[in-house]
Amino acid sequence: MVNEEPKVSDFARYSSGEASKLLGIHRNTLLRWENEGKVRFGIRRANKHKFYMGREIKRIWRAQY
């Protein structure tokens, strides 16, 4: 986990790869947290891919510190 709060826009959408990179964690960790219900995500209508809002990324980071 990175030491500084990620610089993200609250309403921007980030892929799981981008979110894990911003948080400094492995993608599998993010997926595990999803399965445990610790992380909220959305699904894009057009391509059915998951996304994470910037405010959720900040919430995850704050919960760890």
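Structure shown above.
Just so we're clear, the structure is a prediction, and the values are computed from it rather than from any experiment.

Caption draft 1: A look at the pattern of salt bridges. Tallying each qualifying case throughout the model produces seven salt bridges. Among the ionic pairs, Glu5 bridges to Arg62, the shortest N-O distance being 2.7 Å. Of the two residues, Glu5 is situated in the segment before strand S1 (13-14) and Arg62 in helix H3 (residues 54-64); the sequence distance between them amounts to 57 residues. For Arg62, a relative accessible area of 47% puts it in the partly exposed group. Two residues, Glu36 and Arg32, come together in a salt bridge whose shortest N-O distance is 3.8 Å. Classification of Glu36 by relative accessible area gives partly exposed; the value is 45%.

Caption draft 2: Representation of the packing of helix H1 (residues 16-23) against H3. Between H1 and H3, whose axes approach to 11 Å, the crossing angle comes to 35°. H3 is crossed by H1, and the crossing has right-handed handedness. In this structure, H1 contributes Ala19, Leu22 and Leu23 to the contact, and H3 contributes Ile57, Ile60 and Trp61. In terms of residue class, the contact of H1 with H3 is built from six nonpolar, no polar and no charged.

Conventions adopted
- Residues numbered from 1 in each chain as written.
- Predicted model: local features only at pLDDT ≥ 70, side-chain atom pairs only at ≥ 80, totals over all residues.
- Heavy atoms only, no water.
- Salt bridge = Lys/Arg side-chain N within 4 Å of Asp/Glu carboxyl O.
- Helix = DSSP H or I, 4+ residues; strand = E, 2+ residues; numbered from the N terminus.
- Buried < 20%, exposed > 50% of the residue type's maximum accessible area, 1.4 Å probe, protein only.
- Axes fitted to C-alpha atoms, helices over the stretch in contact; angles between N-to-C directions.
- Left-handed = near helix turned anticlockwise from the far one by under 90°.
- Contact = heavy atoms within 4.5 Å.
- Nonpolar A, V, L, I, M, F, W, Y, C, P; charged D, E, K, R; others polar.

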